[in-house]
Amino acid sequence: MSSPLDILMPPLPERASKPVQPFNASRTRADFPILGQQVQGHPLVYLDNAATAQKPRSVIDALSHYYTDQNANVHRGVHHLSQVATDAYEAARRKIRQFINAKTDIECLFVKGTTEGINLIAQTYGRQNIGPGDEIIVSEMEHHSNIVPWYMLCEEKGAKLRVIPINDKGELCIDTYRTLFNERTKLVSVVHVSNVLGTINPAKELVQIAHEHDVPIHLDGAQAVPHQRVDMQKLDCDFYTFSGHKLFGPTGIGILYGKEYLLDAMPPYQGGGSMIQNVSFEKITYGVLPNKFEAGTPHIAGAIGLGAAIDYLDSIDFAGAELYESELLEYAHGLLSQVPGLKFIGMAENKAGVISFVVKDIHPHDVGTILDQDGVAVRAGHHCAQPIMKHFDIPAATRASLAFYNTKEDIDALSQSLHKVIRVFS
Amino acid sequence: MPDLRELYQQLILDHNKNPRNFRTIEAAQRTAEGNNPLCGDRVTLYVNLEGDHISDIAFQGSGCAISKASASLMTDALKGKTVQEAEAMFHNFQDMITKKESGPDLDTMGKLAVFSGIRDYPSRVKCATLPWHAAHAALHNHQASITTEGETL
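Once a new chain begins, its residue numbering starts again from 1 and follows that chain's sequence as written. For this description, chains carry letters from A and ligands carry numbers from 1, given in the order in which they are written. Side-chain atom pairs in this predicted model are given and counted only at pLDDT of 80 or more, local residue features only at pLDDT of at least 70, and totals for whole chains, interfaces and linings cover all residues.

Student: Would you mind showing me how to read the domain arrangement of chain A here?
Tutor: Often, the extent of an interface is quoted as the loss of accessible area upon association of its parts. Residue and element names in this part refer to chain A. The domain boundaries assigned to chain A delineate domain 1 (42-51 + 317-421) and domain 2 (67-314). Domain borders in the structure are assigned automatically or taken from a domain database. Computed from C-alpha coordinates alone, the two centres of domain 1 and domain 2 are separated by 28 Å. Here the contact rule is simple: place C-beta atoms from the backbone, and any two residues whose C-beta atoms are within 7 Å are in contact. Each partner contributes residues to the interface: domain 1 has 24 residues there, and domain 2 has 24 residues.

The following block contains the structure:
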């Protein structure tokens, strides 16, 4: 079905029609103003990209441009600015559709982020389709945001969670996954790339297995989209979620992709303006996609900023960036394995630029504080993934996570600072 | 710029490595659990009282060097004190690590003064106060566990 938006929107030039430059980390670095700053008297070494990525100048400028020149509410006014804002907002949706190769724009819903996307699925599709005794499959390596919404739904409905275990390398046990299906299985919701282990799960295989059992599947793509190109039509997943801020865009904006026929059949999530067709006190009819799921004034600037982030990714050699990142990951593994007493958490064969580790019995918070004194920003804690901590029998871990603007010098600084940690606690 | 040595002083490193009073007290009169859900620090406090005096105090748990050393030095400092004195020390300790200008005279803080540098590391204040909050709960016979992210703190 063609969307009403297709009629309103002039077609954008096809993706990748302009030539992109071969990937160059140091030139890319210059596009991110924040990376030039000093922290504690040292150049910032930003290795907390899995928490949130930094923003290129073009994204910052797009936000400023929106508020300076385009600000008005969308889908409402008849005046000039309202049309400008609406066009910019819907153009962003189209960029996202092209970026993830969804079939239609209206399959790409703007939400606050991955967490809201998952909650939306649970509260609409989940409440409509999951009942007492039904089962939802998740995995042991989920972020809490892909556990708690399902747990809440299970509590409400008397349904239960089935959990795909992981092996000690931090990979999903696919054989066990196959055995978890039965006639009560109503949904699979699994992470695409683990925020702690860095494991890149075999998404296509997970989808195929779910579909063999006629079960729809959601993939949590928060950590996948910054590292690799995802293609909704090739993956054939039923739902996919990600956050703008981890994709070099603004906070407070994210995407829920859903197949059109599923979104069409789902009840609305929140009620309010924009999402209706007709309102009287006796009867309300709901609007069509995507408005049905976008009640209230959306995060217009955020959507436009995310569009600018995607323009930026299109302007660099993103495939080259992916390759560069995996080389950097290999370099980091080599260098950090020389730190005495350092143990990696998660050594999957297929791994993105996320490096979690523990150092002897030194608590990750102490590691994080000492690293911070050298300007090295990492994450320390349980990373909202307590089941993983339990699997590896650790209270917490330190995590360095890479983006394509990181360099070997960043890894060197991390390594040197870790040697200092060892000296302090020797 | 805060100096790393201010935070990880030898005394703290020593108490982290060899924590004092790191044991359980069987059938303790008072116990309380402290929990920092953001980082996973956990401490269980055990207290016995004789009249108004703390006759024995011990802890168990896992956490960072700051929280462990804080629990160790705290239990040393509180042993033999009255509940009222412990309460005053708790408030002084909190003031010391959160208020730069109006904090207590460091000379009155004994070994606990070693934690004064934490005020330069706001993200680590909760690590140092966790055992104190647990002790406070135990002394007031609050059996419910306390958390750094709840109403108690």
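Student: Would you mind showing me how to read the sheet that holds strand β13 (residues 342-345) of chain A here?
Tutor: Note on sheets: strands pair through backbone hydrogen bonds, and any given pair is parallel or antiparallel. Residue and element names in this part refer to chain A. Following DSSP output, two strands are said to pair if at least two bridges run between them. Secondary structure elements follow DSSP: runs of H or I no shorter than four residues count as helices, runs of E no shorter than two count as strands, and numbering proceeds from the N terminus. Strand order in this open sheet of 4 strands is β13-β14-β17-β16, and the pairing throughout is antiparallel. If you trace the sheet from one side to the other, it starts and ends with β13 and β16 (379-381), each paired once. Taking each pair of neighbouring strands and ignoring which way they run, the sheet shows an average axis angle of 30°. Strand direction decides the pairing type here: strand β14 (residues 354-359) and strand β17 (residues 397-401), joined by 4 bridges, are antiparallel. Opposite S356, over in β17, you have R399 as the bridge partner. Think of each axis as a best-fit line through the C-alpha atoms, taken over the contacting stretch in the case of a helix, with angles from 0 to 180 degrees between the N-to-C directions.

Student: Even after reading the chapter, I still don't get helix α3 (residues 57-70) of chain A, so can you show me in this structure?
Tutor: Residues lying three or four places apart along an α-helix face the same way, a consequence of the helix completing one turn every 3.6 residues. For a helix, the expected span equals 1.5 Å multiplied by the number of residues minus one. Over its 14 residues, α3 of chain A runs 18 Å from end to end, which matches the ideal 20 Å to within 8%, given 1.5 Å per residue. Residues V59, A62 and Y66 of chain A constitute the buried set of α3 of chain A. Buried residues are those with 20 or more other C-beta atoms within 10 Å of their own C-beta, exposed residues have 12 or fewer, and partly exposed residues lie in between; C-beta atoms are placed from the backbone.

Student: In this structure, what is going on with helix α4 (residues 83-98) of chain B? I would like to understand it.
Tutor: Residue and element names in this part refer to chain B. With 16 residues, α4 extends 23 Å between its outermost C-alpha atoms, agreeing within 8% with the 22 Å of an ideal straight helix rising 1.5 Å per residue. Among all positions in α4, only A86, M89, F93, M96 and I97 are buried. Angular distribution of buried residues about the axis of α4 spans 85°; they occupy a single face of the element. Across α4 from its buried face, at more than 90 degrees, point the exposed residues Q84, A88 and H91. Each element contacted by the buried residues of α4 is listed here: β3 (53-62), α3 (65-78) and α5 (125-139). The directions considered for the arc are those from the helix axis to the C-beta atoms.

Student: Hey, could you run me through the nonpolar core in this one?
Tutor: Buried together is how nonpolar side chains tend to be arranged in soluble globular proteins. Residue and element names in this part refer to chain A. The term nonpolar core refers to a set of buried Ala, Val, Leu, Ile, Met, Phe, Trp, Tyr and Cys residues connected through C-beta atoms within 7 Å. The biggest cluster of nonpolar side chains holds 124 residues, and the ones touching the most others in it are I255, Y257, I304 and A309. Top contributing element to this core by residue count: helix α11 (residues 300-315), with 10 residues. Per-domain counts for this core show at least three residues from each of domain 1 (42-51 + 317-421) and domain 2 (67-314). Apart from the residues within four sequence positions on either side, I304 is in contact with A62, Y66, A88, Y89 and A92.

Student: Sorry, what's going on with the pairing of strand β5 (residues 135-139) of chain A here?
Tutor: Consecutive side chains along a regular strand alternate between the two faces of the sheet. Residues and elements named next belong to chain A. Across the 5 residues of β5, 5 count as buried, placing the element largely inside the fold. Covered by surrounding structure in β5 are E135, I137 and S139 together with I136 and V138, the residues of both alternating faces. Seen with its strands pointing away from the viewer, a crossover is right-handed when the path leading from the first strand over the helix to the second is clockwise. In this region the chain leaves β5, passes through helix α6 (residues 148-157) and returns to the parallel neighbour strand β6 (residues 160-164); the handedness of that crossover is right-handed. Here β5 runs beside strand β7 (residues 185-191); their pairing, made up of 3 bridges, is parallel.

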